[in-house]
Amino acid sequence: MDIATALGQMGVRPDTLTDAERESLDRDGFLRIDNAITPEQAAAMRERLQELVDEEGDDAGIEVHKEEGTDRLGDLVNNDPMFDICFSHPRVLACAQHVLGDFRLSALNSRTALPGDGLTMLHSDSGSRVQPGDYENAMSIWFLVDFTMENGPTRVVPGSHRFGKLAQDVLEDDWAKHPDEVYLTGKAGTVYLFNAHIWHGGTKNNSDENRPAAFAFFARRDVSQYIDQRKYIRPETYDRLNDAGRYILDVEGMTEFTPDGFDRRRVLETAEY
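Cut-offs applied
Residues numbered from 1 in each chain as written. Predicted model: local features only at pLDDT ≥ 70, side-chain atom pairs only at ≥ 80, totals over all residues. Heavy atoms only, no water. Pairing = 2+ DSSP bridges. Helix = DSSP H or I, 4+ residues; strand = E, 2+ residues; numbered from the N terminus. Axes fitted to C-alpha atoms, helices over the stretch in contact; angles between N-to-C directions. Contact = heavy atoms within 4.5 Å. Buried < 20%, exposed > 50% of the residue type's maximum accessible area, 1.4 Å probe, protein only. Arc of directions from axis to C-beta. Phe/Tyr/Trp six-rings, centres within 6.5 Å; stacked < 30°, edge-to-face > 60°. Lys NZ or Arg CZ within 6 Å of the ring centre and 35° of its normal.

A. Examining the sheet that holds strand β9 (residues 211-220) more closely. As summarised here, the arrangement of the six strands in space is β1-β7-β4-β9-β3-β2, forming an open sheet in which the pairing is antiparallel. Two strands bound the open sheet, and with one partner strand each, they are β1 (30-33) and β2 (70-73). Across the sheet, the mean angle from the axis of one strand to that of its neighbour is 20 degrees, orientation sign disregarded. Here four bridges tie β2 to strand β3 (residues 103-113), and the two strands are oriented antiparallel to one another. Along β3, the bridge assignment pairs Arg 72 with Arg 111. Relative to β1, helix α2 (residues 19-27) is tilted by about 135 degrees, and along the sheet it contacts β1 and β7 (191-195). Lying on the sheet, helix α3 (residues 39-56) is in contact with β2, β3, β4 (137-143) and β9; it crosses β2 at an angle near 90 degrees.

Right, dumping it as structure tokens:
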């Protein structure tokens, strides 16, 4: 299996993205994909996320990190097949390939900004300073409710993925509004794919409702996964994936699995991050 074969089996074709869409990814660092999932799928996902937050309690999000003012979850790959679309949608995969070349899923997580919270500094999801074209990571953000100017949309600085610098290298105040930032808004079911080296951040949720989103984080294949999928994947998850899905997760050929109920905190403590 190679990336071209895997993507072909997942429905990615040479014309899955237009030339204009590729140019937008190159120039601006992000691309909007409307109606990636239906409103009904978005509603089911957000309901499932809340169930998982309630079930995991204080351990919710420990595979990634905990963040005050938000509900975080990690390892959605193993939590419900409904989230498989986040790492199998043809247009999302085509975007990731355009940015990264040969790639794999790094992590599938969620972040829910709670009312009155959600503001973050401008940052890159890849901490590396890279030259244009040598990108290591890409991110897709899946809107599970409408993202509006009121409920804390993601902000991005177009073109900043090409600066070769991190926001903290340049900005006096990376929490402040940037003169060039734009806001990613849209209906539930919208997905934005962006180069993870772009400067971006959360804004404050000024509504009285939670603002949930799922995040599929992709890494170039020679870059470490944020969550080692081979440590976390469960037998039932492995069995439901086809060969292409296993390639995207980089779990091909597995015959032994970590027993159910393993200590996620211990795995986190011994990870490379």
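More follows now that the structure is in view.
B. Just α2, in detail. For α2, the set of buried residues is Glu 21, Ser 24 and Leu 25. End-on, the buried residues of α2 take up no more than an arc of 100 degrees, which puts them together on one face. Of the exposed residues in α2, those oriented more than 90 degrees away from the buried face are Asp 19 and Ala 20. On its buried side, α2 packs onto β1, α4 (90-100) and β7. Gly 29 sits one or two positions beyond α2 and adopts a positive phi of about 95 degrees.

C. Just the packing of aromatic side chains, in detail. Following the criterion strictly, the structure yields six aromatic pairs and no others. Taking the centre distance of 6.3 Å and the plane angle of 50 degrees together, the rings of Phe 30 and Tyr 192 count as tilted. Here Phe 30 is found in strand β1, whereas its partner Tyr 192 is found in strand β7, with 162 residues between them in sequence. Of the two residues, Phe 30 and Tyr 192, neither departs from the other in class, the shared state being buried. Summarising the aromatic geometry, the rings of Phe 103 and Phe 218 are spaced 5.5 Å apart at their centres and angled 85 degrees between planes, so their arrangement reads as edge-to-face. Of this pair, Phe 103 sits in strand β3 while Phe 218 sits in strand β9, and the two are 115 residues apart along the sequence. Of the two residues examined, Phe 103 and Phe 218, each falls in the buried class. Linked through ring pairs, Phe 30, Phe 143, Phe 147 and Tyr 192 together constitute an aromatic cluster. Looking at Arg 221, its charged tip hangs above the ring of Tyr 247, at a distance of 3.7 Å from the centre. Over the face of the ring belonging to Tyr 238 we find Arg 246, whose NZ or CZ atom lies 3.9 Å from the ring centre.

D. Summary view of α4. Residues Val 92, Leu 93, Ala 94, Cys 95, Ala 96, Val 99 and Leu 100 constitute the buried set of α4. Just downstream of α4 lies Gly 101, where phi reads positive at about 80 degrees.

E. Molecular detail of the sheet that holds strand β5 (residues 154-156). Spatial strand order, β6-β5-β8: three strands in an open sheet with antiparallel pairing. A strand with exactly one partner marks an edge of an open sheet, and here the two such strands are β6 (182-184) and β8 (200-201). Direction of pairing for β5 relative to β6: antiparallel, over a ladder of three bridges. Within β6, the residue paired with Arg 155 across the bridge is Tyr 183.

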